[in-house]
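Coordinates in review
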Amino acid sequence: MEYAYCGNSGLQLPRISLGLWHNFGFADDYDTAREMILYAFEQGVTHFDLANNYGPPPGSAESNFGMILKDHLSSHRDEMIISSKAGHLMWEGPYGDGSSRKYLMASINQSLKRTGLDYFDIFYSHRFDPLTPIEETMQALVDIVRAGKALYVGISKYPPVEARRAMRYLAERDVPCLIFQDKYSMFNRMPEQEILGVTSEFGSGFIAFSPLAQGLLTDKYLHGIPEYSRAADPAGFLKKEQVSQSLVEKVSRLNALAGERGETMAEMALAWVLRDERVTSLIVGSRNVAQLKDNLKALDNLSFTQEELSLIDQILDGATL
Ligand SMILES: NC(=O)c1ccc[n+]([C@@H]2O[C@H](COP(=O)([O-])OP(=O)(O)OC[C@H]3O[C@@H](n4cnc5c(N)ncnc54)[C@H](OP(=O)(O)O)[C@@H]3O)[C@@H](O)[C@H]2O)c1
């Protein structure tokens, strides 16, 4: 595994991290979830990304992760970076969604209980909430660190203007924003416009989520929608309609290029996300160990020629998911 320093901090993250959004809840196969976590850790994937609402049902990915940790990895806690978040709907009523101090404080306590952890390595504000003063949300993050419930804090999906305000607030209180988490893949290049520059400006790291565009940037949809795929799963966030003919045609051309490079489509898509040195790590999702193995092979070839990059730009032609 390769590791990279996260922004200006002294914390190194694996270039590939594992996310537990899909496939790790009570609705999923526990043995497969355990195998993926243990395989990832064996391969040097030290960073596992959670959120309060991951499941289904919400909260169950944290509970499963906690059980796996307790049964198999408890003696390795100091070798792991475990993150969680609060910001999306978690429980009924006015205090289980958004970014109020009340919600963040209650949520981190619940997440610590579900995972059985004493602290998270990174705790995130999961999204910008326009109805809560940003100072209130950031002060909650500062106080979470001061209370020893998290070692570092991060923010996710904040628009650039608000990201700057948040990072400034945190820096002024000596709790710098360790990391910014955002969607970034060949099919979503928004962070290139501004946010990657903001992270550099504040010395924060950047971690990309959905680097495979939820599976679209693999070879799995080239011949229709397979039964065992996120798009076929009613609980999955990728909808059948999003697997459009025009995106699939682009993936087919990209897949040919990946073949010329001697790698799979998934490997090339992940290597492409890591080509920018401002990207500290990416968080990949996987449904089984075979996918995870394929994804980790992306690290075997992270370099692209200028011709390959231009061809990729030409094929993508601004396509977004
Ligand atoms: N901050 C946020 O708001 C936010 C939002 C979303 C995600 N995240 C984080 O980012 C993580 C990753 O998100 P994601 O799951 O959408 O990432 P992704 O890597 O883009 O998609 C993962 C899915 O792609 C398919 N796949 C993966 N590897 C494959 C391979 N080698 N060959 C074929 N198919 C493959 C699998 O879906 P199938 O089921 O189709 O096999 C897998 O579940 C999450 O777990 C979470 O930690 C954060």
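See the structure shown above.
Reference entry: report on the structure contained in this document.

Definitions and cut-offs
Residues numbered from 1 in each chain as written. Predicted model: local features only at pLDDT ≥ 70, side-chain atom pairs only at ≥ 80, totals over all residues. Near = placed C-beta within 6 Å. Helix = DSSP H or I, 4+ residues; strand = E, 2+ residues; numbered from the N terminus. Axes fitted to C-alpha atoms, helices over the stretch in contact; angles between N-to-C directions. Parallel < 35°, antiparallel > 145°, perpendicular 65-115°, else oblique. Contact = placed C-beta atoms within 7 Å. Core = buried A, V, L, I, M, F, W, Y, C linked by C-beta atoms within 7 Å. Buried ≥ 20, exposed ≤ 12 C-beta atoms within 10 Å, placed from the backbone. Expected span 1.5 Å × (residues − 1). Left-handed = near helix turned anticlockwise from the far one by under 90°. Nonpolar A, V, L, I, M, F, W, Y, C, P; charged D, E, K, R; others polar.

What follows concerns the site of the ligand. Around the ligand there are 30 residues in total, and Gly19, Trp21, Phe209, Gly215 and Gly285 lie nearest to it. Breaking the shell around the ligand down by element, the ones donating at least two residues are strand 10 (281–284) and helix 10 (289–296). The leading source of residues in the shell around the ligand is helix 10, at three residues.

Right, let's talk about the packing of helix 8 (residues 245–260) against helix 9 (residues 265–273) for a bit. Packing of helix 8 against helix 9 leaves a shortest axis separation of 8 Å and a crossing angle of 90 degrees. On the basis of the axis angle, helix 8 is roughly perpendicular to helix 9. Where helix 8 approaches helix 9, its residues Val251, Leu254, Asn255, Leu257 and Ala258 are matched on the opposing element by Met265, Glu267 and Met268.

This brings us to the nonpolar core. One finds Ile122, Val153, Leu217, Ala269, Leu270 and Leu282 to be the most contacted residues of the largest nonpolar core, which totals 88 residues. A total of eight residues in this core trace back to one element, the largest contributor, which is helix 9.

Next up on the list: unusual backbone geometry. The amide bond that connects Gly55 to the next residue, Pro56, takes the cis arrangement and shows omega of 0 degrees. Of note, Pro56 is situated in the loop between strand 4 (47–49) and helix 2 (60–73). A cis geometry characterises the amide bond from Pro56 onward to Pro57, with omega recorded as -10 degrees. A positive phi angle, near 60 degrees, is found at Asp174, a position not held by glycine. By the element assignment, Asp174 lies in the loop between helix 5 (160–172) and strand 8 (177–183). With a phi close to 50 degrees, Ser210 is a non-glycine residue in the positive phi region.

All right, on to helix 2 then. Over its 14 residues, helix 2 extends 18 Å from the first C-alpha to the last, a length consistent with the 20 Å expected when each residue adds 1.5 Å. On its buried face, helix 2 sits against helix 1 (30–42), strand 4, strand 5 (81–86) and helix 3 (101–115).

Of all eleven residues in helix 11 (residues 306–316), zero are buried, a share of ten percent or less. Looking one or two residues beyond helix 11, the residue adopting positive phi is Asp317, at roughly 50 degrees.

Remark: helix 3 packs on helix 4 (residues 134–146), axes separated minimally by 9 Å, with the N-to-C direction vectors making an angle of 30 degrees. With respect to helix 4, the element helix 3 is oriented roughly parallel. In terms of crossing hand, the pair formed by helix 3 and helix 4 is right-handed. Each of Arg101, Leu104, Met105 and Ile108 in helix 3 lies in contact with helix 4, whose residues at this interface are Glu136, Thr137, Gln139, Ala140 and Ile144. Each residue belonging to the contact of helix 3 with helix 4 can be placed in one class, and the counts come to five nonpolar, two polar and two charged.

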